Amino acid sequence: MSEHKCDDAEALPASDDRVREVRRCLELIRDRERHDAVTSISVMRSLERVHRNIEDSPDEPKFRRLRRNNPKIKQLLALNGVQAFLLKVGWHTGVDQMEEVWLFAGDMRMCRAARRMLSNLVDHDEQAHQAAQQARANEISRINSVREATVAEIKGDHEWRKDK
């Protein structure tokens, strides 16, 4: 895992209104009634990567620009909560070299806070998703065992009736 240029003394407090607003946007992205776990985890992972790139290379302009016509960015922006999240973190829409883009003009403290929130939520949601998948696999295995036992019992009963 890469080292992040981050000074904890500069961290935004959880009580900061901007942090609360970003959390609300992330809850929209994580809303299971609107998005499945795999989709929201993938989107949050992409957003985390975008903000990590800015954090790791703050003076690199290419990381502060998202081309709206890029298929992956289009897909990202289509998810409920993503555009609001970007706006709250410090992105804005504009035109650059004759194409629509999202440009990051926010402060680095907000970028770091957003990246940390995304990282924590991705880790949490991936673990929860894996646990749910394991529970489903265990339940399917249990059901299959019961089914096999029932089939064996029926076959045994059938053989017993045949011999009678």
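Residues numbered from 1 in each chain as written. Predicted model: local features only at pLDDT ≥ 70, side-chain atom pairs only at ≥ 80, totals over all residues. Heavy atoms only, no water.

A. A look at the overall build of the protein. Helix and strand counts for the protein stand at five helices and three strands. Along its sequence from the N terminus, the protein presents helices and strands in the succession α-α-β-α-α-β-β-α. The principal-axis extents of the C-alpha atoms in the protein amount to approximately 85 × 40 × 30 Å. Counting the 164 residues in the protein, one finds 32% classified as buried. Across the protein, the fraction of contacts at a sequence separation of at least 24, relative to all contacts at a separation of at least 6, is 71%. Summed over its atoms, the accessible surface of the protein is roughly 10600 Å², and 50% of this surface lies on carbon and sulfur atoms. The averaged location of the 29 negative side-chain charges in the protein is 3 Å from the averaged location of its 30 positive side-chain charges. (Helix = DSSP H or I, 4+ residues; strand = E, 2+ residues; numbered from the N terminus. Buried < 20%, exposed > 50% of the residue type's maximum accessible area, 1.4 Å probe, protein only. Contact = heavy atoms within 4.5 Å. Areas by Shrake-Rupley, 256 points an atom, 1.4 Å probe, with all protein chains shown as cover. Lys, Arg positive; Asp, Glu negative; His and termini not counted. Charge placed at Lys NZ, Arg CZ, Asp CG, Glu CD.)

B. Expanded view of helix H4 (residues 82-89). When we look at burial in H4, the residues that qualify are Val82, Phe85, Leu86 and Val89. Axial view of H4: buried residues confined to an arc of 95°, hence all on one face. Among the residues trailing H4, Gly90 stands out with phi positive, at a value near 130°. (Arc of directions from axis to C-beta.)

C. Here's a closer look at the environment of His129. Inspection of the secondary structure assignment puts His129 in helix H5 (residues 108-163). Setting aside residues no more than four positions away along its own chain, His129 makes contact with Ala37, Val38, Ile41 and Arg136.

D. Quick peek at the pattern of salt bridges. One pass over the structure, following the stated rule, counts 16 salt bridges. Of the charged contacts, one joins Asp125 and Arg30 as a salt bridge, the two residues approaching to 2.6 Å between their closest N and O atoms. Linking Asp125 in helix H5 with Arg30 in helix H1 (residues 17-30), this pair joins segments that are 95 residues apart in sequence. For the residue pair Asp125 and Arg30, the accessibility class agrees, reading buried in each case. (Salt bridge = Lys/Arg side-chain N within 4 Å of Asp/Glu carboxyl O.)

E. Fine view of the pairing of strand E3 (residues 99-104). By the bridge criterion, three bridges tie strand E1 (residues 65-67) to E3 in an arrangement that is antiparallel. From the neighbouring strand, Leu66 faces E3, where its bridge partner is Trp102. Pairing analysis gives six bridges linking strand E2 (residues 91-96) to E3, with the strands arranged antiparallel. By the bridge assignment for E3, His92 is matched with Leu103. Where E2 hands over to E3, the hairpin turn is made up of two residues, of which Gln97 adopts a positive phi near 55°. (Pairing = 2+ DSSP bridges.)

F. Inspection of the side chain of His35 at higher detail. Examined against the element boundaries, His35 turns out to sit in the loop between H1 and helix H2 (37-56). Overall, the relative accessible area of 8% leaves His35 in the buried class. Polar contacts involving the side chain of His35 include one to the main-chain carbonyl oxygen of Leu28, which spans 3.5 Å. When sequence neighbours within four positions are dropped, the list of residues in contact with His35 reads Leu28, Ile29, Ser40, Leu79 and Asn80. (Polar contact = N/O pair within 3.5 Å; in protein donor to acceptor, adjacent residues only side chain to side chain.)

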